[in-house]
6 protein chains.
Amino acid sequence: DFERALGDVEPKFGAKATELKAFYRNGFVPYGDSFDLLMGNLERLVEQVRVSDRTPLMSVMLKGPNFSGKTAIAAKLAVDSGFPFVRMISADEMIGYGDSSKCQQIHKAFMDSYKSPLSIIFIDDIERIIDYVPIGPRFSNAVLQTLLILLKKVPPDDGRRLMVIGTTSCPELLEDLGLVSAFGVTLTVPLLEEPKDVIEVLKVAANMGEKEAKSIAKAIRDKPIGIKKLLMVAEMAKQGSEGSRVDVSIFMECLHTVGY
Amino acid sequence: DFERALGDVEPKFGAKATELKAFYRNGFVPYGDSFDLLMGNLERLVEQVRVSDRTPLMSVMLKGPNFSGKTAIAAKLAVDSGFPFVRMISADEMIGYGDSSKCQQIHKAFMDSYKSPLSIIFIDDIERIIDYVPIGPRFSNAVLQTLLILLKKVPPDDGRRLMVIGTTSCPELLEDLGLVSAFGVTLTVPLLEEPKDVIEVLKVAANMGEKEAKSIAKAIRDKPIGIKKLLMVAEMAKQGSEGSRVDVSIFMECLHTVGY
Amino acid sequence: DFERALGDVEPKFGAKATELKAFYRNGFVPYGDSFDLLMGNLERLVEQVRVSDRTPLMSVMLKGPNFSGKTAIAAKLAVDSGFPFVRMISADEMIGYGDSSKCQQIHKAFMDSYKSPLSIIFIDDIERIIDYVPIGPRFSNAVLQTLLILLKKVPPDDGRRLMVIGTTSCPELLEDLGLVSAFGVTLTVPLLEEPKDVIEVLKVAANMGEKEAKSIAKAIRDKPIGIKKLLMVAEMAKQGSEGSRVDVSIFMECLHTVGY
Amino acid sequence: DFERALGDVEPKFGAKATELKAFYRNGFVPYGDSFDLLMGNLERLVEQVRVSDRTPLMSVMLKGPNFSGKTAIAAKLAVDSGFPFVRMISADEMIGYGDSSKCQQIHKAFMDSYKSPLSIIFIDDIERIIDYVPIGPRFSNAVLQTLLILLKKVPPDDGRRLMVIGTTSCPELLEDLGLVSAFGVTLTVPLLEEPKDVIEVLKVAANMGEKEAKSIAKAIRDKPIGIKKLLMVAEMAKQGSEGSRVDVSIFMECLHTVGY
Amino acid sequence: DFERALGDVEPKFGAKATELKAFYRNGFVPYGDSFDLLMGNLERLVEQVRVSDRTPLMSVMLKGPNFSGKTAIAAKLAVDSGFPFVRMISADEMIGYGDSSKCQQIHKAFMDSYKSPLSIIFIDDIERIIDYVPIGPRFSNAVLQTLLILLKKVPPDDGRRLMVIGTTSCPELLEDLGLVSAFGVTLTVPLLEEPKDVIEVLKVAANMGEKEAKSIAKAIRDKPIGIKKLLMVAEMAKQGSEGSRVDVSIFMECLHTVGY
Amino acid sequence: DFERALGDVEPKFGAKATELKAFYRNGFVPYGDSFDLLMGNLERLVEQVRVSDRTPLMSVMLKGPNFSGKTAIAAKLAVDSGFPFVRMISADEMIGYGDSSKCQQIHKAFMDSYKSPLSIIFIDDIERIIDYVPIGPRFSNAVLQTLLILLKKVPPDDGRRLMVIGTTSCPELLEDLGLVSAFGVTLTVPLLEEPKDVIEVLKVAANMGEKEAKSIAKAIRDKPIGIKKLLMVAEMAKQGSEGSRVDVSIFMECLHTVGY
Ligand SMILES: Nc1ncnc2c1ncn2[C@@H]1O[C@H](COP(=O)(O)OP(=O)(O)OP(=O)(O)O)[C@@H](O)[C@H]1O
Ligand SMILES: Nc1ncnc2c1ncn2[C@@H]1O[C@H](COP(=O)(O)OP(=O)(O)OP(=O)(O)O)[C@@H](O)[C@H]1O
Ligand SMILES: Nc1ncnc2c1ncn2[C@@H]1O[C@H](COP(=O)(O)OP(=O)(O)OP(=O)(O)O)[C@@H](O)[C@H]1O
Ligand SMILES: Nc1ncnc2c1ncn2[C@@H]1O[C@H](COP(=O)(O)OP(=O)(O)OP(=O)(O)O)[C@@H](O)[C@H]1O
Ligand SMILES: Nc1ncnc2c1ncn2[C@@H]1O[C@H](COP(=O)(O)OP(=O)(O)OP(=O)(O)O)[C@@H](O)[C@H]1O
Ligand SMILES: Nc1ncnc2c1ncn2[C@@H]1O[C@H](COP(=O)(O)OP(=O)(O)OP(=O)(O)O)[C@@H](O)[C@H]1O
Ligand SMILES: [Mg+2]
Ligand SMILES: [Mg+2]
Ligand SMILES: [Mg+2]
Ligand SMILES: [Mg+2]
Ligand SMILES: [Mg+2]
Ligand SMILES: [Mg+2]
């Protein structure tokens with residue numbers, strides 16, 4: 001009655017696999033060794049969930065600076081898994097909800113996942129889900145506790161398996177809340193460090209010529225940069241530059257405006 | 001069905017472009033280099049939103065001291081953009097609202113904007129929107145979180161583009177809340193520093209004669225002043241002076257009364 | 001339709017000009033130079049609101065120690081202005097109100113004022129309005145934010161002009177909340193320092209003879225005293241003294257009882 | 001229509017003059033100089049309220065250690081005043097009330113008092129009225145603000161006069177809340193210090209013989225004691241002693257048990 | 001109409017005298033001098049309430065470490081008093097009640113007691129009644145204030161007398177809340193210190209033989225122990241020991257398990 | 001009427017004995033001396049509850065690091081006891097409940113237990129039950145107080161006996177709340193320290209060969225590891241290794257990923 005169980009699952013809340021593709025609609029560039037290493041690790045964990053019946057629950061925290069590509073990576077992994085149940089929990093669907101509605105929604109997503117043989121729940125920007133702000137600090141303890149409990153709860157039905165993927169850009173702060181160590185596995189999304197990787201990204205995803213890309217890579221060589229930030233500034237610099245070529249000095253100026 | 005989408009947008013909340021003109025009804029003087037630089041940058045960002053289909057979301061924080069002209073500049077930019085959807089979120093329309101109504105209103109403004117191909121949302125005095133007070137500090141975490149989420153959310157429909165402009169006079173405090181770095185770009189509104197700029201403003205916007213303007217500019221030359229404060233004190237000084245000419249010593253006295 | 005707008009204004013809340021006279025029913029003595037200077041400044045500001053169409057909003061904070069005469073001065077100014085709309089916002093009319101009712105009442109008073117061509121809103125003891133207590137400190141942030149917003153809001157209709165007068169006896173504390181600098185102008189109510197001023201007040205307002213007044217003025221010459229406190233102690237001393245003359249030593253003793 | 005105003009006043013809340021006598025049913029001993037001085041001062045203030053039409057509002061704080069006789073003194077003063085309106089506000093009538101009911105009740109008591117030509121409101125143990133606890137400290141800010149406002153409010157109708165008497169055993173703590181200086185006058189209830197006063201009290205109010213009283217007075221001569229504590233321990237010691245005479249050593253032991 | 005007053009009192013809440021016996025169903029051993037001293041003091045206070053018409057209110061705090069026998073002693077005292085009204089206020093009857101229900105229940109118990117000529121109210125583990133936790137510290141201020149007020153309130157009807165007995169194992173913490181000094185008298189429940197007392201208790205209440213009891217008393221001679229803890233560990237040790245005799249080393253091991 | 005009492009008990013809440021078996025469905029390996037010692041102690045306590053009629057209440061806290069096997073041990077103990085009433089209180093059944101519902105549920109479980117002659121209540125991860133987070137710290141004081149009260153409450157009916165077993169991985173933090181010392185007995189779940197124990201576990205529960213197990217035991221010999229963590233990493237390492245044998249270096253790498 002596998003079919004039926006799936007039919008039961010009516011996603012009322014959270015993006016499904018197909019919608020997750022939007023998170024990397026500007027492309028997904030396999031830019032170098034550090035990226036390959038991370039992606040390989042993640043894929044192996046997905047595989048473990050798929051095949052090991054001694055792994056009913058697997059949870060992974062993807063941490064990395066702002067604008068480093070966390071959301072895109074997690075979304076791609078979820079889509080590529082092909083799991084029958086994929087659900088994203090994201091803060092913007094719960095704007096203005098009270099704490100208890102949030103807890104209910106999150107609880108519901110996990111309960112639904114328990115009905116599917118293979119599931120992925122993707123919780124993006126976990127600090128936003130718990131209304132975290134470093135001043136105080138303040139956060140929703142109700143939502144935090146709900147997550148802490150669910151991240152430990154093994155799917156009740158035998159044979160059902162669940163993978164939880166979370167992302168955050170402030171792992172040290174969440175650690176104090178016990179929210180990082182509640183995840184079984186923690187992996188880091190790298191910044192672009194190798195000039196060669198920067199060039200690759202600029203060429204493939206920002207349509208730059210070899211020469212422009214190279215001079216920009218050279219200019220920022222000492223400061224690692226997130227892939228999203230790099231693409232954002234490339235776009236700004238195009239606007240500021242005359243003609244179709246991006247000027248390095250304009251690129252650097254734009255970098256400054258975005259607080260780099 | 002572009003037309004229809006626009007028709008759908010029924011502004012229930014927030015000033016529209018036409019009403020924003022009131023924020024610079026006392027004139028708008030392009031007073032010098034620092035002003036030109038800022039205005040040029042802002043206009044280029046508006047242009048990027050208009051033309052680049054890789055920029056679905058652009059957010060700019062205008063920071064500057066009290067009485068420096070932030071609101072007028074942001075209002076002018078929004079009006080001049082000619083974007084079909086322009087909406088201002090200002091604290092005085094939400095006086096006495098509970099946190100969740102505020103969140104709803106703000107959310108609604110963003111949702112509405114997603115229906116228009118080109119939109120500007122202008123959030124004035126963002127510290128007031130979140131009920132910020134430095135003692136504690138206290139603020140509405142619910143509203144803060146709503147802003148943090150929406151400032152990151154890409155308009156869901158392909159091709160729709162949104163520019164968010166915020167203003168604040170306490171950027172360091174908001175930075176601690178993550179509210180400044182949530183904006184992609186941050187620009188500073190300058191004070192009047194050059195005597196020549198002060199003279200220009202006094203002549204054009206306060207109807208002063210060359211001579212009066214010059215002596216005032218000379219008297220305050222070492223202390224930069226915000227354009228709004230300059231115009232305010234000029235008006236007070238007129239009242240205190242006999243005849244139509246403004247006396248410098250009276251001007252300085254009035255400056256003192258306003259806590260300069 | 002100027003007449004009509006005025007007719008619209010139905011004061012439900014707050015004392016009107018006529019009732020404000022009660023705040024100086026024990027007389028109003030123009031006691032000396034420091035008083036004249038303050039009163040002159042205040043009258044000039046009222047005049048500016050009356051005549052300058054570039055001053056739609058003027059706000060003045062009157063700060064001074066307890067028992068120094070703040071309420072009486074503000075009340076007199078409001079009464080003498082002759083403005084068609086005068087409203088006092090005072091804490092005792094809002095006892096036991098919840099925060100949001102308070103915000104509403106205050107908001108309402110300002111909205112009403114926007115309908116009159118010339119208005120004065122007088123907010124007495126602003127620390128009480130916001131439920132301020134230095135331990136914590138605690139205060140109503142909702143009411144504080146409402147005031148901060150309204151103190152900045154220009155009357156929406158062209159040509160309408162509003163003067164806001166606030167009083168406080170703890171300006172340093174309110175400053176931390178941004179509530180003093182939210183006022184455009186700040187002026188200080190002086191204590192009685194000159195023996196000559198003390199004598200004047202005792203003679204005119206406490207019906208003392210020249211000789212009694214003089215000896216008291218001499219006895220307290222080194223410690224400035226608020227006009228309200230001086231009159232209060234004079235009254236107590238009368239009770240304690242035998243016959244109609246007030247004894248200096250009894251006066252000094254009473255001074256002590258009131259914690260001077 | 002003086003009669004009618006009085007008729008209007010229907011005391012729903014608070015003990016009336018007759019009931020206040022219970023607070024000194026165990027007698028009231030005029031025990032010595034310090035007592036006479038205090039009582040004289042208090043009576044003079046009552047007299048001022050009765051006769052001076054320039055004293056519409058008089059407020060007195062009686063401070064003193066626990067068990068020193070504050071409540072009895074204030075009750076006696078109120079009863080002896082003969083004022084037509086006397087009302088006690090005491091915490092035990094408001095047990096379990098919410099803050100806003102408390103504020104309402106207190107407000108009501110003052111409003112009622114404004115209808116009588118001469119009134120006394122007696123607020124016993126003001127720290128209990130505001131739910132004060134030194135840890136934190138915590139207290140009801142709503143009730144505190146209500147008191148701060150009412151303690152300053154002059155009876156609105158001309159000629160009506162109100163005396164407010166408060167008692168407290170932690171004046172330093174309340175001072176931080178501004179609650180002591182909100183009273184116009186502050187007076188201190190003394191401890192028994194003179195052996196002669198101790199003897200007087202033991203003889204008159206505890207029915208002791210001269211000899212017993214003398215030896216007890218001698219034993220405690222270096223430590224001032226409150227009149228209520230002295231009488232309480234005398235009673236305990238009677239129980240412990242055999243026969244009708246109280247033994248000094250048993251008296252001292254009992255003193256110890258009560259934490260003296 | 002003494003009978004009738006008693007009939008009026010319908011105990012809805014709180015254990016009555018008969019039920020209190022359960023608190024010492026395992027026996028009550030008068031184990032030595034320190035115990036006799038305490039019990040004598042307590043009985044004398046009960047006597048005072050019974051006979052002295054100048055003692056309408058007597059309050060006693062029994063403080064002592066955990067497991068020292070506080071509850072049993074207070075229960076015995078109440079039962080043995082033979083007073084017509086005996087009521088226990090204990091936290092487990094108010095689990096999950098809101099603060100205001102708790103206040104009401106407690107208030108009700110006192111109000112009921114005022115109807116009886118002689119009453120005892122026994123408040124066990126007063127820290128639990130006020131939801132006290134040392135972190136913060138946190139506690140219910142509403143319940144605390146209710147207790148502070150009622151502990152001071154003299155029964156309103158003439159001749160009615162009330163004794164309040166409280167117990168606590170954290171007197172220093174409650175002292176900061178003013179909750180210990182609100183009791184008139186404070187007495188300490190001792191630990192077992194004398195080997196002779198330990199032996200007596202083990203023999204009488206734990207059915208041990210002289211020899212076993214002696215060797216245990218010797219083993220713990222340097223560390224005073226509470227009577228409840230001693231009996232508890234004796235029971236555990238019996239389980240661990242083979243045969244009917246308790247082995248000293250097993251006793252010591254069990255002591256360790258209970259964190260001694 | 002033993003049968004009937006059992007029939008009365010309708011478990012609405014909490015897992016029953018049969019369901020508790022799921023907590024060790026991956027096997028239960030009696031791995032060595034430290035384990036035997038702990039298990040022996042626990043079994044003796046269960047026995048005491050079964051036979052001693054002087055032990056109506058027994059409470060045991062099982063403390064140990066994360067992933068050390070606490071839940072499995074407590075579940076096994078409860079199942080093996082054969083007691084007619086066994087109930088688990090776990091946080092995931094109360095997700096999103098308000099504080100007072102939680103208190104009610106917990107109270108209900110204890111009340112139900114009082115109806116059975118022999119009961120076990122198993123409270124897993126007690127820090128989650130009280131919503132504990134070390135930042136602040138924050139926790140539900142209402143739930144904490146409910147536990148503190150119930151952990152002390154002797155079953156009211158004579159002869160009924162209750163054992164409470166709690167688990168926690170942050171005993172030092174709970175100690176500050178008085179929640180550890182509220183348990184009568186405290187025992188520690190050990191980590192695997194002896195290579196021989198590690199080998200045993202890997203062979204029996206992870207199906208490893210002698211040789212693999214030995215080399216892994218050797219590699220981690222200096223760092224004790226929890227049994228759950230060991231089994232989890234063994235599973236991950238199997239996935240990463242080619243063929244059926246687990247490579248030590250891959251095992252070590254996986255250990256690193258789980259933050260060991
Ligand atoms: N290899 C890659 N990994 C991640 N993102 C990539 C990659 N190649 C291209 N991209 C693009 O880079 C962007 C990554 O942005 P993303 O929103 O995932 O970053 P983020 O770290 O989640 O940012 P934020 O801190 O704002 O949440 C996307 O537009 C994605 O299409
Ligand atoms: N170049 C200019 N830039 C900005 N304002 C100008 C300029 N020229 C004239 N003005 C006038 O200066 C005033 C600027 O006031 P505005 O309210 O924008 O200042 P603000 O920084 O928002 O002040 P606040 O700190 O009170 O919010 C307006 O009256 C506007 O018409
Ligand atoms: N020149 C004067 N200025 C102010 N008050 C005067 C003057 N002459 C006489 N008075 C009298 O002095 C008293 C001033 O009291 P007022 O209540 O205004 O003081 P306040 O500073 O507001 O006191 P508080 O700190 O209690 O609010 C009034 O009774 C008023 O009639
Ligand atoms: N001269 C006196 N002044 C005050 N009390 C007196 C005097 N003579 C006798 N008494 C008796 O002393 C007792 C004073 O107790 P009272 O309750 O007034 O003290 P208190 O300071 O209010 O105590 P608490 O701190 O508990 O509120 C009363 O019983 C009163 O009858
Ligand atoms: N002389 C005695 N005094 C007190 N308790 C005694 C005495 N003799 C025997 N007992 C027994 O000792 C036990 C005392 O336990 P009790 O619950 O009163 O201690 P407690 O101090 O209230 O403990 P807790 O701190 O847990 O509240 C009871 O079982 C009682 O029967
Ligand atoms: N002797 C044993 N003791 C405990 N657990 C064992 C033992 N032998 C095998 N196991 C297995 O080890 C695992 C122990 O995991 P368990 O959930 O009890 O750990 P835990 O300390 O409660 O972890 P957490 O900190 O996540 O709550 C279970 O899968 C259980 O089947
Ligand atoms: Mg992201
Ligand atoms: Mg502005
Ligand atoms: Mg005043
Ligand atoms: Mg008193
Ligand atoms: Mg007890
Ligand atoms: Mg566990």
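For the structure, see preceding data.
Presented here is a report on the structure given in the accompanying data block. None of the values given here were measured: they were computed from a predicted structure.

## Some words on the overall build of chain A
Counting secondary structure elements, chain A contains 12 helices and 5 strands. Principal-axis analysis of the C-alpha atoms places the extent of chain A at approximately 60 × 40 × 30 Å. Among the 260 residues that make up chain A, the fraction classed as buried is 55%. In chain A, once contacts between residues fewer than 6 apart in sequence are set aside, the share between residues at least 24 apart is 80%. For chain A, the separation between the mean place of its 32 positive charges and that of its 35 negative charges on side chains is 1 Å.

## A few points about the site of ligand 3
Around ligand 3, 19 residues are found, and the nearest of them are Val29(C), Lys70(C), Thr71(C), Ala72(C) and Lys152(D). Around ligand 3, the neighbouring residues derive from chains C and D rather than from a single chain. In this structure, Lys228(C) approaches ligand 3 through a side-chain N or O atom, which is 2.9 Å from an oxygen atom. Against a free-state accessible area of 630 Å², the protein chains account for coverage of 93% of ligand 3. Every element with two or more residues in the shell around ligand 3 is listed here: helix 4 (70-81) and helix 11 (227-240) of chain C. If one sorts the elements of the shell around ligand 3 by residue count, helix 4 of chain C sits on top with 4 residues. Of the residues belonging to the shell around ligand 3, the class tally is 10 nonpolar, 5 polar and 4 charged.

## Here's the deal with the relation of the copies chain B and chain C
Between the two copies, chain B and chain C, the superposition gives an RMSD of 0.0 Å; the rotation angle is 60° and the shift along the axis is 0.0 Å. Here the copies are linked by what is in effect a six-fold axis. Among all C-alpha atoms of chain B, that of Gly136(B) lies closest to the rotation axis, at 8.8 Å. When the interface residues of chain B are mapped onto chain C, a mere 4% of them again lie at the interface, so each copy presents a different face.

## Focus: the site of ligand 2
Within the structure, ligand 2 sits among 20 residues, and Gly27(B), Gly69(B), Thr71(B), Ala72(B) and Lys152(C) are positioned closest to it. Ligand 2 sits at the junction of chains B and C, each of which supplies nearby residues. A distance of 2.9 Å separates an oxygen atom of ligand 2 from a polar atom in the backbone of Phe67(B). Between an oxygen atom of ligand 2 and a side-chain N or O atom of Lys228(B), the distance comes to 2.8 Å. Considered on its own, ligand 2 offers 630 Å² of accessible surface; in the complex 93% of this is hidden by protein. Counting only elements with at least two residues in the shell around ligand 2, the list comes to helix 4 (70-81) and helix 11 (227-240) of chain B.

## Section: the interface of chain B and chain C
Taken together, the 24 residues of chain B in the interface contact 34 residues of chain C. Both sides of the chain B and chain C interface together cover about 2,400 Å² of buried area, and 55% of this is carbon and sulfur. If you sort the residues of chain B by the area they bury against chain C, Ile95(B), Arg138(B) and Gln239(B) come out on top, with a joint share of 24%. In this assembly, chain B and chain C are joined by 2 salt bridges. With its nearest N and O atoms 2.7 Å apart, the salt bridge here joins Asp158(C) to Arg25(B). Our enumeration of links across chain B and chain C arrives at 10 residue pairs in polar contact (both at pLDDT 80 or more). Taken together, the elements giving at least two residues each to the side of chain B that touches chain C come down to helix 9 (195-206) and helix 11 of chain B.

## Quick look at the sheet that holds strand 3 (residues 118-123) of chain E
Residue and element names in this part refer to chain E. Spatial ordering of the open sheet is given by 2-3-4-1-5, a layout of 5 strands whose pairing is parallel. Every interior strand has two partners, whereas the edge strands, strand 2 (85-89) and strand 5 (185-188), have only one. This sheet shows a mean twist of 15° between the axes of neighbouring strands, independent of strand direction. Pairing of strand 2 with strand 3, which is carried by 5 bridges, proceeds in the parallel orientation. Within the sheet, the bridge partner assigned to Arg87 lies in strand 3 and is Ile121. The sheet contacts of helix 5 (residues 99-113) involve strand 2, strand 3 and strand 4 (161-168), and relative to strand 2 the element is tilted by about 170°.

## A look at the packing of aromatic side chains
Geometry of an aromatic ring pair is reported as the spacing of the ring centres plus the angle between the planes. Across all of its chains, the model carries 24 aromatic pairs over all chains by this definition. Ring geometry for Tyr31(D) against Phe35(D): centres 5.1 Å apart, planes inclined by 45°, an arrangement best described as tilted. Of the residues examined, Phe35(D) reaches a relative accessible area of 5% and is grouped as buried. A connected cluster of aromatic rings, assembled from ring pairs, spans Tyr24(A), Phe28(A), Tyr31(A) and Phe35(A). Just above the ring of Phe139(C) sits the side chain of Arg138(B); from NZ or CZ to the centre is 4.0 Å.

## Some details on the packing of helix 11 of chain B against helix 12 (residues 248-257) of chain B
Residue and element names in this part refer to chain B. Axis separation between helix 11 and helix 12 bottoms out at 9 Å; the angle between their running directions is 125°. Between helix 11 and helix 12, the crossing angle belongs to the class labelled oblique. Read as a crossing pair, helix 11 and helix 12 show a hand that is right-handed. Every residue of helix 12 that contacts helix 11 at Leu230, Val233, Ala234, Met236, Ala237 and Gly240 is listed here: Ile250, Phe251, Cys254, Leu255 and Thr257.

## Let's talk about the interface of chain D and chain E
Listed as interface residues are 24 residues of chain D and, on the opposing side, 33 residues of chain E. Each partner contributes to the roughly 2,400 Å² buried at the junction of chain D and chain E, and carbon and sulfur atoms together form 55% of this total. Inspection of the region where chain D meets chain E yields 2 salt bridges. One can count 10 residue pairs in polar contact (both at pLDDT 80 or more) joining chain D with chain E.

## Points about the side chain of Gln145(A)
With respect to the element layout, Gln145(A) can be found in helix 7 (residues 141-150). Of the polar contacts made by the side chain of Gln145(A), one reaches the backbone oxygen of Tyr132(F); its length is 3.0 Å. The residues touching Gln145(A), leaving out its near neighbours within four places in the chain, are Arg128(F), Asp131(F), Tyr132(F) and Val133(F).

## Focus on the side chain of Asp197(B)
Its location among the elements puts Asp197(B) in helix 9. The buried category is assigned to Asp197(B), whose relative accessible area is 3%.

## Quick notes on a negative patch on the surface
Residues Asp33(A), Asp36(A), Glu193(A) and Glu194(A) make up a contiguous surface patch of negative charge. With respect to the helices, strands and loops of the structure, Asp36(A) is situated in helix 3 (residues 33-51).

## Focus on the relation of the copies chain D and chain E
Each copy superposes on the other: chain D lies on chain E with an RMSD of 0.0 Å after a rotation of 60° and an axial shift of 0.0 Å. Each copy contacts the other with its own distinct surface, as only 4% of the interface residues of chain D are interface residues in chain E too.

## Section: helix 9 (residues 195-206) of chain E
All names here are of chain E. The end-to-end C-alpha separation of helix 9 is 15 Å, in line with the 16 Å expected for 12 residues at 1.5 Å each. Along helix 9, the residues that are buried comprise Asp197, Val198, Ile199, Val201, Leu202, Ala205 and Ala206. The inward-facing, buried residues of helix 9 contact helix 10 (210-219) and helix 11 (227-240). Count one or two residues on from helix 9 and you reach Asn207, which has phi positive near 55°.

## So, the arrangement of the chains
The smallest C-alpha distance separating chain B from chain E is 18 Å, and no contact links them. Nowhere do chain B and chain F come into contact; their C-alpha atoms are at least 15 Å apart.

## Things to note about helix 12 (residues 248-257) of chain D
Residues and elements named next belong to chain D. Among all positions in helix 12, only Phe251, Cys254 and Leu255 are buried. The buried residues of helix 12 all sit within an arc of 105° when viewed along its axis, so they share a single face. For helix 12, exposure combined with an orientation more than 90 degrees from the buried face picks out Glu253 and His256. Summarising the contacts, the buried residues of helix 12 are in contact with helix 10 (210-219) and helix 11 (227-240). The first or second residue beyond helix 12 is Gly259, which carries a positive phi of 75°.

## Observations regarding the pairing of strand 4 (residues 161-168) of chain D
Residue and element names in this part refer to chain D. With 8 of 8 residues buried, strand 4 lies mostly within the body of the structure. Judged by which residues are buried, strand 4 turns out to be covered on both faces: Arg161, Met163, Ile165 and Thr167 on one side and Leu162, Val164, Gly166 and Thr168 on the other are all buried. Summarising the sheet, strand 1 (residues 57-63) and strand 4 pair through 7 bridges and their orientation is parallel. Bridge assignment links Lys63 to a residue of strand 4, and that residue is Thr168.

## Quick notes on unusual backbone geometry
Leave glycine aside and you will find that most residues have negative phi; peptide bonds, for their part, are mostly trans. With an omega dihedral of -15°, the bond running from Gly136(C) to Pro137(C) counts as a cis peptide bond. Examined against the element boundaries, Pro137(C) turns out to sit in the loop between helix 6 (126-129) and helix 7 (141-150). Here Phe67(C), not a glycine, exhibits a phi torsion of approximately 65°, which is positive. Structurally, Phe67(C) is set in the loop between strand 1 (57-63) and helix 4. Overall, the relative accessible area of 14% leaves Phe67(C) in the buried class. Residues other than glycine seldom take positive phi values, yet Asp125(D) does so here, at roughly 45°.

The rules we used
Along each chain, the written sequence defines residue order, and numbers are assigned to residues from 1. Just so you know, chain letters begin at A and ligand numbers begin at 1, following the order they were written in. Note on the predicted model: pLDDT of at least 70 is required for a residue's local features to be given, and 80 or more for side-chain atom pairs to be given and counted; whole-chain, interface and lining totals, by contrast, use all residues. To get the side-chain values, take all heavy atoms of the structure and skip hydrogens and water. Numbering goes from the N terminus for both helices and strands, where a helix is a DSSP run of H or I of at least four residues and a strand is a run of E of at least two. Buried residues are those whose accessible area, probed at 1.4 Å on protein chains only, stays under 20% of the maximum for their type, while exposed residues exceed 50% and partly exposed ones sit between those limits. The contact criterion used throughout is that any non-hydrogen atoms of two residues lie within 4.5 Å. Asp and Glu are treated as the negative residues and Lys and Arg as the positive ones, with His and the ends of the chain left uncounted. All charge positions are set by atom: Lys at NZ, Arg at CZ, Asp at CG, Glu at CD. Proximity is defined per residue: if any heavy atom of the residue lies within 4 Å of a molecule or strand, that residue is considered near it. Nitrogen and oxygen atoms within 3.5 Å of one another constitute a polar contact, given that in protein one can donate a hydrogen and the other can accept it, and given that sequence-neighbouring residues count only through two side-chain atoms. The Shrake-Rupley method, run with a 1.4 Å probe sphere, supplies the accessible areas, and residue values consider only the shown protein chains as cover. Only Asp, Glu, Lys and Arg are considered charged in this grouping, and only Ala, Val, Leu, Ile, Met, Phe, Trp, Tyr, Cys and Pro are considered nonpolar; every other residue, Gly among them, is considered polar. Least-squares fitting of one copy onto the other uses the C-alpha atoms of those residues that reach a pLDDT of at least 70 in both copies. Accessible area, probed at 1.4 Å, shrinks when two parts are joined; the buried area is that loss added up over both. Put simply, a salt bridge is a Lys or Arg side-chain nitrogen that is within 4 Å of an Asp or Glu carboxyl oxygen. Think of it this way: DSSP has to see at least two bridges between two strands before they count as a pair. Fitted lines through C-alpha atoms serve as axes, helices being fitted only where they are in contact, and the angles separating the N-to-C directions of these axes extend from 0 to 180 degrees. Two rings from Phe, Tyr or Trp (for Trp, the six-membered ring) form a pair when their centres sit within 6.5 Å of each other. Planes less than 30 degrees apart are called stacked, planes more than 60 degrees apart edge-to-face, and all others tilted. Cation placement over rings: the criterion is NZ of Lys or CZ of Arg within 6 Å of the ring centroid and within 35° of the ring normal. Each angle is binned into one of four classes, with values under 35 degrees roughly parallel, values over 145 roughly antiparallel, values of 65 to 115 roughly perpendicular, and all other values oblique. The hand of a helix crossing depends on one turn: near helix anticlockwise from the far one by less than a right angle means left-handed, and clockwise means right-handed. In this analysis, a patch consists of residues with relative accessible area above 30% that form no salt bridge, clustered at 9 Å for like charges and at 5 Å for the nonpolar side chains Val, Leu, Ile, Met, Phe, Trp and Tyr. A helix is expected to reach a length of 1.5 Å times the quantity of its residues less one. The directions from the helix axis to the C-beta atoms are what the arc is built from.

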